[in-house]
Structures are given as C-alpha cells and as structure tokens.
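# Structural overview
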Amino acid sequence: MSGLHPPKPFPEAARDKVSQPQLRANLRKVTHTIREKRLRAVGEVPHWEELRVLGEATKDATLANLSDRLLQLEASVKARGGQVHWARDAAEARELVARIAESHGVDELIKVKSITSDEIELNAGLAERGIHAIETDLAELIVQLSHDTPSHILVPAIHRNRAEIQALFNRELPGEGNLSDAPAELAGAARRYLRHKFLTTKMAVSGVNFAVAETGTVCVVESEGNGRMCLTLPEVLVSVMGIEKVLERWEDLAVFMELLPRSSTAERMNPYTSFWSGVTPGDGPQEFHLILLDNGRTDVLADATGRQTLRCIRCSACLNVCPVYERTGGHAYGSVYPGPIGAILTPQLLGMADKNANTLPGASSLCGACFDACPVRINIPQVLIYLRGEANEEKGVTAEALAMGAVGYAMSSGWRFEGALKLARAGQGPLVRGGEITALPGLLGGWTQSRDLKAVPPQSFREWWRQREGADG
Ligand code: SF4
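Residues numbered from 1 in each chain as written. Predicted model: local features only at pLDDT ≥ 70, side-chain atom pairs only at ≥ 80, totals over all residues. Heavy atoms only, no water.

### Things to note about the site of the ligand
- The environment of the ligand is made up of 13 residues, and the closest members are Cys312, Cys315, Ser316, Cys318 and Cys374.
- Here the shell around the ligand is built from residues that sort into 11 nonpolar, 1 polar and 1 charged. (Near = heavy atom within 4 Å. Nonpolar A, V, L, I, M, F, W, Y, C, P; charged D, E, K, R; others polar.)

### Digging into the domain arrangement of the chain
- Splitting the chain by domain gives domain 1 (10-298) and domain 2 (399-470).
- Placing the centre of domain 1 and that of domain 2 at their C-alpha centroids yields a distance of 51 Å. (Domains from an automatic or database assignment.)

### Focus: the packing of helix 19 (residues 399-411) against helix 20 (residues 414-427)
- With their axes 6 Å apart at the nearest point, helix 19 and helix 20 run at an angle of 120° to one another. What the angle tells us is that helix 19 and helix 20 run oblique. Counted together, Tyr409, Ala410 and Met411 of helix 19 and Arg416, Phe417 and Ala420 of helix 20 form the full contact between these two elements.
- Of the residues assigned to the contact of helix 19 with helix 20, the class counts are 5 nonpolar, no polar and 1 charged. (Axes fitted to C-alpha atoms, helices over the stretch in contact; angles between N-to-C directions. Helix = DSSP H or I, 4+ residues; strand = E, 2+ residues; numbered from the N terminus. Parallel < 35°, antiparallel > 145°, perpendicular 65-115°, else oblique. Contact = heavy atoms within 4.5 Å.)

### Quick look at the packing of aromatic side chains
- Considering all chains together, one arrives at 8 aromatic pairs under this definition.
- With a centroid separation of 6.0 Å and an interplanar angle of 55°, the aromatic rings of tryptophan 464 and tryptophan 465 are classed as tilted.
- Of the residues examined, tryptophan 464 reaches a relative accessible area of 37% and is grouped as partly exposed.
- A relative accessible area of 37% means that tryptophan 465 is categorised as partly exposed.
- Among the aromatic residues, those joined into a ring-pair cluster are Phe10, Tyr325 and Tyr333.
- Here the basic side chain of arginine 52 rests over the ring of phenylalanine 371, its NZ or CZ set 5.7 Å away from the ring centre.
- Across from the ring centre of tyrosine 409, 3.8 Å away, lies the NZ or CZ of arginine 416, which sits over that ring. (Phe/Tyr/Trp six-rings, centres within 6.5 Å; stacked < 30°, edge-to-face > 60°. Buried < 20%, exposed > 50% of the residue type's maximum accessible area, 1.4 Å probe, protein only. Lys NZ or Arg CZ within 6 Å of the ring centre and 35° of its normal.)

### Comments concerning the UniProt feature "domain: Lactate utilization protein B C-terminal" (unreviewed entry) in the chain
- Here the UniProt feature "domain: Lactate utilization protein B C-terminal" (unreviewed entry) sits at residues 392-469.
- Across residues 392-469, the secondary structure splits into 56% helix and 8% strand, with the terminal C-alpha atoms separated by 45 Å. (UniProt positions renumbered as here; feature names shortened; annotations may be inferred.)

### Quick word on the pattern of salt bridges
- Inspection of every chain in the model, using the stated rule, returns 27 salt bridges.
- Here glutamate 172 and arginine 171 are joined by a salt bridge, their closest N and O atoms 3.5 Å apart.
- On the basis of relative accessible area, glutamate 172 is assigned to the partly exposed category, the value being 32%.
- Across the salt bridge formed by arginine 192 and glutamate 176, the nearest N and O atoms sit 3.1 Å from each other. Of the two residues, arginine 192 is situated in helix 10 (residues 183-200) and glutamate 176 in the loop between helix 9 (162-172) and helix 10; the sequence distance between them amounts to 16 residues.
- One connected set of salt bridges, linked through shared partners, spans Glu56, Asp60, Arg311 and Arg377. (Salt bridge = Lys/Arg side-chain N within 4 Å of Asp/Glu carboxyl O.)

Rendered as structure tokens:
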C-alpha cells in the first residue's frame, strides 16, 4: 500500500482477502466485540440522537466558513508562539517535516499514531532523507516492526493475533527474545523499548484530532498515554493536521468529546486527552509547528454532495458495522482509509479519474449500517451512490453498461422478459451442472467469479400460472 493510492481495483484486492479464513475469523471477532460494546456505550446516553445532530451542525457550520476559520487558527497559534505552515499536498507536507528535522540535526524522531501522517507517507519520505520515525502507539509499533500496513483506523493491527506479536517482539525488540504470549509481558517489552525512546529523542510528530480556531488549541485524543509522552517530552513538536479538523470555538469540543470515545472505543471518556496552545517557556516542547494539509480536501469541500465526508472525526464506527469490511479487512481498500469512510474519502481526495480509487464506492452492500453508526451523520450510502454515478461517467460507455442497458430493456416489458428467459433456457444447456451455473462465458464471467447462478427453471412462474388457470378452467 502506498498512502492514499490503492495499488489494485477493490474487487481484485478483495478476492485475495475473502479467501483467507483466519483473517475473516480475526476480523469478525474484533468487529463484533467493538460493535456490541459501542451499542451499550451509546445506549447509555438518552440524548444521543440530538448529540449526533449537534455534531453534524457544528461541523457543517465550520466547513461553511473553512477559510476564515483556518486563518483565525493560524493567527491564534502564532499569537501563542507556534509556527504555522500550509501544505498543498503530501509532498509539501513531507518536505516541511523533513526540513524541520534537518534544521535540528535530528536523524530519529518519535510519532504519535496519526492516520494523516500515513496519508502523506511520512515515514517513507523521512527515511529517504535518513531520518527514522518510530511509532509509539502499540498497534502502530506492531505494524511498523512487521513492515506491514495498518488495516483499521483505530486498531491498526486488527489482522494480527497474539502468537504473531509474540514472535515479532522476540525477534525485533532489542534485549528481548524470551517473551511468552501473555499480554502483560508483551506490553511490558514494548514499554521498556518506548520509554528509552521517549527519554532520548529530541523531536516528535503528531496528528491532530481537533484544533480550536479561537484559542489556537490543538488536541490529541488517545488511549495509551504514549501520545502524551510524545507531546510533552521532546524539545520540538510538529503536528500535521487535515484542514477539516478545525473547530470554531472551545465549547464545540464538548460535543465531540462525548461523541468520539463512545463511537470509537466504546468508552464513556477516553483515558488521555492532550491540549496544547503554542509554546510555554520551560514547560513542554519549546518549538511547535502546525502543518495545515489540503491534499485534495478543498476539492471535496467544493462538491455539494461529497462535502459531508469532511465531517468525519475518524472514530471508525462505520468500519465495525460494515459487512464488506468484516469480510475483506482494511488492506483490500488499498488506502490508509479503509471501510465505508475510505470508500468515499479516498476516491474524493484522489479524484474520480483514479482508476483504482474509483472502484471503492462499489465496496458496499448499501445496507445503511454505516450511516446509523456515524456520530456526525455522514450519509455514506448517499455519497456512495453519487460517487458510483461519477465513476460510471468517467468510464463512459463500457461493455458492462451496454449489458445492463440490454437487461433493463428486456425486463421493462413482460413479453420481452419471457422471450429472454426462453432464449436463456434454450442456450444454458452446456453450462448447467447440478442445477447451477458456476462459470459464465466472456464478459458475463464476472457474475460467476464469486457466486453460482441457479439455472433458469424448465417452467417460469408466468407459464406455471397460465397452466394453473387453464387447469382450473
Ligand atoms: S464516517 Fe462517521 S462513523 Fe466513519 S469514521 Fe468517520 S465519523 Fe466515524
């Protein structure tokens, strides 16, 4: 996987994954556990639906004046001693972080879990400049040590089991080698390794959950406390933020501090919430840089239907309820944004002309579970259908479109449909095995790649009905 860019069309990538029973079992166990816990956590809040409406309205109001809010944020951060940079795309953002590191003579830095930094492929970009980025979130560390890629927004190593992690830590962590698979022992080994890094590394890079325009406050929400160590111990802190993460007022945070933990980890309150504003002499990092990343977001903002995607607070609730994600896992989406949110965000950020990304809106049964789970009421099914239309326009007239047109023509009249059935019945003979068609020829073969078709029966319902009416006299 490379940042946002899917290396394959979704149907091709998904085919590899659905044939792995262990992967499907791992995913099913974790998504069902989180899903049930989330339902309980949400059920405790009698005004949950009103909160969702408030979250939606608050985000929409900010997005409606996004440029003003960002300029306000820039002024507030600078007024508190921070530095603000604007990055049009991933390359500019990577360059900014690398230059800051080089200006401090840094060849190793620590990172707070940040999907935005994965979006811009920061670690690989820094490595090209001789700078090693160390992930400090436990799951991200597992992914990094195994030279893997994250497969879930919240649980990046969801596809790994405990035995795999035991073998990995014994092999990769310095001074270990004899660990059992007990979770406490594995966590202790990671803690020993990370503590040393926290105390000896000069620079950290973080993502941003929210930034408040009126106060210049930046916020990171996390569960382990490793993020807080990164945000307070190093001398230099760089935070990379998608421009949609800005909120107007401090009070706005109250809504999201309730919506986010219950939707993501099913907690009433997340264990660690860090806020910082610029720099404070003698306390925490003495140099703070905020990088405001566009990378396709202003194009999304300009689209009246797609704009709602920018409300996303990356809680991952939509992943855990999605029947497609549950069977394919995150890697099938080929982008750092998997699941239902990835199916709409990735193609919009890259543009619908991207031949692999524009297959992602097809990765849905349109069951609507993602919309019901989304704490900021993004109508994901609506955007999926809209993007499917856009993808079809990009493709122009294809054999599939012609075939669907012919099917539509045949099905729009009773006699034409009956005629088509008779033709199919007469022609299907060589293809039928045990009452089923397992492989169709030519272009139609796509239908039978992952499913069998029932053979056309010897008598249609209409024929049976006519016969029955005749018999009844
Ligand atoms: S789309 Fe909604 S449910 Fe999915 S990650 Fe974003 S905020 Fe959460």
